[in-house]
Amino acid sequence: MIGIPIGLLTANAVEWVFHKHVLHGLGRNRDSFWAFHWHDHHRSVRKNGFLDEDYRQPPLTWNAQTKEVAALVAGAAAVTPLLPVAPFFVGTLYYCAWNYYRVHRKSHLDPQWAREHLPWHYDHHMGRNPNANWCVTRPWFDNLMGTREPMESRQPAS
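For the structure given in this document, a descriptive report is provided here. Quantities reported herein were computed from a predicted structural model and do not represent experimental measurements.

Topic: the overall build of the protein
Item 1. In terms of helices and strands, the protein carries seven helices and zero strands.
Item 2. Sequence-ordered secondary structure for the protein, helices as α and strands as β, is α-α-α-α-α-α-α.
Item 3. Its C-alpha radius of gyration of 16 Å places the protein within 12% of the 15 Å reference for a compact globule of 158 residues.
Item 4. Expressed along its principal axes, the backbone C-alpha trace of the protein runs to roughly 45 × 45 × 30 Å.
Item 5. Taking the intrachain contacts of the protein between residues at least 6 apart in sequence as the baseline, contacts between residues at least 24 apart amount to 57%.
Item 6. When the accessible area of the protein is evaluated, it comes to approximately 8,600 Å², of which 62% is carbon and sulfur surface.
Item 7. Each charge class in the protein was averaged separately, 16 positive and 13 negative side chains, and the resulting centres sit 1 Å apart.

A look at helix 3 (residues 64–79)
Item 1. Under the 1.5 Å per step criterion, the end-to-end length of helix 3 is 23 Å for 16 residues, consistent within 8% with the ideal 22 Å.
Item 2. Where helix 3 begins, the side chain of N63 points an oxygen toward the backbone nitrogen of Q65, at a separation of 3.0 Å.

Quick word on the packing of helix 2 (residues 35–47) against helix 6 (residues 119–126)
Item 1. Packing of helix 2 against helix 6 leaves a shortest axis separation of 9 Å and a crossing angle of 100°. By the angle class used here, helix 2 and helix 6 are roughly perpendicular. Residues H37, H41, H42, V45 and R46 of helix 2 form the contact with helix 6, whose own contacting residues are H124, H125 and M126.
Item 2. Classifying every residue of the contact of helix 2 with helix 6 by side-chain character gives two nonpolar, five polar and one charged.

Remarks on the state of the cysteines
Item 1. Going through the model one piece at a time under the given rule, you end up with zero disulfides.
Item 2. In this model C96 remains outside any disulfide bridge; the closest cysteine sulfur is found in C135, 12 Å from its own.

Examining the pattern of salt bridges
Item 1. Throughout the structure, instances matching the rule amount to three salt bridges.
Item 2. Here D123 and R148 are joined by a salt bridge, their closest N and O atoms 2.9 Å apart. Highlighted residues: D123 in helix 6 and R148 in the segment after helix 7 (140–145), separated in sequence by 25 residues.

A few points about the environment of H37
Item 1. The residue H37 is located in helix 2 in this model.
Item 2. Separated by 96 residues in sequence, H37 and N133 have C-alpha atoms that sit 15 Å apart.
Item 3. Contact partners of H37, with chain neighbours within four places excluded, come to H19, L23, H24, H42 and H124.

How each quantity is defined
- Residues numbered from 1 in each chain as written.
- Predicted model: local features only at pLDDT ≥ 70, side-chain atom pairs only at ≥ 80, totals over all residues.
- Heavy atoms only, no water.
- Helix = DSSP H or I, 4+ residues; strand = E, 2+ residues; numbered from the N terminus.
- Rg over C-alpha atoms; globule rule 2.2 N^0.38 Å.
- Contact = heavy atoms within 4.5 Å.
- Areas by Shrake-Rupley, 256 points an atom, 1.4 Å probe, with all protein chains shown as cover.
- Lys, Arg positive; Asp, Glu negative; His and termini not counted.
- Charge placed at Lys NZ, Arg CZ, Asp CG, Glu CD.
- Expected span 1.5 Å × (residues − 1).
- Polar contact = N/O pair within 3.5 Å; in protein donor to acceptor, adjacent residues only side chain to side chain.
- Axes fitted to C-alpha atoms, helices over the stretch in contact; angles between N-to-C directions.
- Parallel < 35°, antiparallel > 145°, perpendicular 65-115°, else oblique.
- Nonpolar A, V, L, I, M, F, W, Y, C, P; charged D, E, K, R; others polar.
- Disulfide = S-S within 2.5 Å.
- Salt bridge = Lys/Arg side-chain N within 4 Å of Asp/Glu carboxyl O.

These figures come from the coordinates and say nothing about function on their own.
Spelled out as structure tokens, the structure:
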């Protein structure tokens, strides 16, 4: 059962690394598969006050949402060989992939919900610095890595 907390920490670390280095690193190149994140998702969210209309479509059309699902499924498939030796770890990673999609989708369909429940993700898109606040589901690795930057309106008064 130690696989559950290890899985939760691993998923959050992967979320941070993947968002920072793949989605924002490789994704800035328009020719990259990952360009959908920076060039489509971020542009749409900034333009529409955190709303991303792609999430209103079923994930069957080839858009940013579908590519996100494909990456999550590929990640889940990649850890599946570990299932016989680490079932709790792999099961937790499966849960985290599903939860990531669920929470990310909900946040971009209900900006007010996101602002209340995922302020770090809201700050990533709507704050001044899109190169901070890499986590979506929980801010653990942003806090650990020093990349959590609350928007000015959320800063505590000094």
